[in-house]
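# Report on the structure
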Amino acid sequence: MAPKAAALVLVLLAISGSRADVNPDEVAGVIWKYFTELGNNAKDTADQLHQTEISKQLNTLLKSNLQSVSAYAEDLQQRLVPFAVELKARLAQDSERLKEQIRRELQELHAKLAPYADEVHQQIGTNIRQLQAKMSPYAEELRSQVERSTSELKQALEPYATELRERLQDNAESIQASLSPYADRLQQQIDGGVESVKQRLSPMADELKAQVEQSVAELRRGLSPYAQEVRDGLNRQLESLSAQMERATEELRARLAASSEELRAQLSPLARELREAASGDTESLRQRLQPLAQQLEQRLGQSLETFRQQAAPFGETFGQQLVQRLEEMRGKLDSGAAGVEDHLELLEKEVREKVAAFLST
């Protein structure tokens, strides 16, 4: 997402309703992405981007989108631009301090856990194996749901290809009169089928989230005997792990929804092309429809197969991602070494706290 687009999303989130309707976490996520992409994706541009330019960019977006909304939006317009400028400066100033804080905390945690290193390593290893065992059935269930949903939608759509071929045997006037209602029914079937897929797959993300939360709670209990002197430091690591896993779960949910919408986007042009064919002259109608009738079943099958291949492995990938997070945590506790991700996570946490405090006032 480009910085301007991210800022626009921020504006749209912020003006979505009254102060109570604003979700601080969503707003914070957009602000965080806005500034990290300024730094990560276009460093040359970021070096040249002065505070006045950030102010001008955000202020223009705010003014163009907040003309006809509430006094809250006017207040936001007055306060958000200075806040964004100050935030960019703080991100740069706090960076080294946070890096040093994380490095020091991990080294202290590593030193205090040293007498229990084998037990801690083993406990995390046990948790990894338990998580793998828990994730495996869910990954298989997600794959099965994708397979079942794809098969059912294919069965629902295939008769439309047969019906279109049969319609070509009618006279041209009859074909043209019936083609638009036929295209509408096809689009309705596509929309209904995609919504059914989304409704079937969405609960899987909720179930996986519950299992992830349970796994982190079990790890916390397993490590509690070794955490008397390092409770705060170890809790911080577990909170970071929990946040990473929660983000992974939300990413899975978003990927499932995006894949379903991509399927809709691939299938919907079929109905649109049929409507366009019906709008032409009657004489060449069969000539225009013949290729569509021949391709319809094949294109339906290709779109559904693409969706199946894309979405079916999501569960396995998700499980691997969670195991990787646990392995990374074990590596940090073993070595006491912090990485760039640790720094960014703590920095993002502070950004989210700043945004929440800003919106609460």
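That block above? That's the structure.
No experiment lies behind these values; they were computed from the predicted model shown. (Residues numbered from 1 in each chain as written. Predicted model: local features only at pLDDT ≥ 70, side-chain atom pairs only at ≥ 80, totals over all residues. Heavy atoms only, no water.)

### With respect to the overall build of the protein
- Each helix and strand counted, the protein has 11 helices and 0 strands in total.
- Starting at the N terminus and walking to the C terminus, you meet the elements of the protein as α-α-α-α-α-α-α-α-α-α-α.
- For the protein, buried positions account for 41% of its 361 residues.
- Accessible surface, the protein as shown: approximately 18,600 Å² in total, 49% of it carbon and sulfur. (Helix = DSSP H or I, 4+ residues; strand = E, 2+ residues; numbered from the N terminus. Buried < 20%, exposed > 50% of the residue type's maximum accessible area, 1.4 Å probe, protein only. Areas by Shrake-Rupley, 256 points an atom, 1.4 Å probe, with all protein chains shown as cover.)

### Comments concerning the environment of S284
- With respect to the helices, strands and loops of the structure, S284 is situated in the loop between α8 (231-278) and α9 (285-311).
- Along the primary structure S284 and A172 are separated by 112 residues, whereas in three dimensions their C-alpha atoms are 8.9 Å apart.

### Looking at the nonpolar core
- Counting residues in hydrophobic clusters, the biggest one holds 63 residues, and the most contacted among them are L179, L274 and L289.
- Counting residues per element, the ones that place at least two in this core are α5 (71-113), α6 (117-167), α7 (172-223), α8, α9 and α10 (314-335).
- It is α7 that contributes the most residues to this core, 15 residues altogether. (Core = buried A, V, L, I, M, F, W, Y, C linked by side-chain atoms within 4.5 Å.)

### Some remarks on the packing of aromatic side chains
- Taken as a whole, this structure holds 1 aromatic pair when the rule is applied.
- With a centroid separation of 5.9 Å and 50 degrees between ring planes, the pair formed by Y160 and Y182 is classed as tilted. Taken together, the positions of Y160 in helix α6 and Y182 in helix α7 put the pair 22 residues apart, joining distant regions of the chain.
- Judged by relative accessible area, Y160 falls into the buried class, the value being 10%. (Phe/Tyr/Trp six-rings, centres within 6.5 Å; stacked < 30°, edge-to-face > 60°.)

### Some thoughts on the pattern of salt bridges
- One pass over the full model with this rule turns up 21 salt bridges.
- A salt bridge links R308 to E147, with the shortest nitrogen-to-oxygen separation between them at 2.9 Å. Linking R308 in helix α9 with E147 in helix α6, this pair joins segments that are 161 residues apart in sequence.
- Taking relative accessible area as the criterion, R308 reaches 22% and is therefore assigned partly exposed.
- Residue E327 is joined to R330 by a salt bridge in which the shortest nitrogen-to-oxygen separation is 2.8 Å. Of this pair, E327 and R330 both sit in helix α10, separated by 3 residues, roughly a single helical turn.
- Classification of R330 by relative accessible area gives buried; the value is 13%.
- One network of salt bridges, with partners in common, ties together D191, E195, K198, E261 and R264. (Salt bridge = Lys/Arg side-chain N within 4 Å of Asp/Glu carboxyl O.)

### Digging into the packing of α7 against α9
- Contact geometry of α7 with α9 gives a least axis separation of 13 Å together with a crossing angle of 5 degrees. It follows that α7 is roughly parallel to α9 by the angle criterion. Note on element contacts: α9 touches α7 through L285, R286, L289, L296 and F307, opposite A172, I175, Q176, L179, Y182, V197 and L201.
- Looking at the contact of α7 with α9, its residues break down into 10 nonpolar, 1 polar and 1 charged. (Axes fitted to C-alpha atoms, helices over the stretch in contact; angles between N-to-C directions. Parallel < 35°, antiparallel > 145°, perpendicular 65-115°, else oblique. Contact = heavy atoms within 4.5 Å. Nonpolar A, V, L, I, M, F, W, Y, C, P; charged D, E, K, R; others polar.)

### Concerning the packing of α6 against α7
- Where α6 meets α7, the axes come as close as 10 Å, and the angle between the chain directions of the two elements is 175 degrees. Considering the angle they form, α6 stands roughly antiparallel to α7.
- The residue inventory of the contact of α6 with α7, partitioned by class, reads 24 nonpolar, 12 polar and 10 charged.

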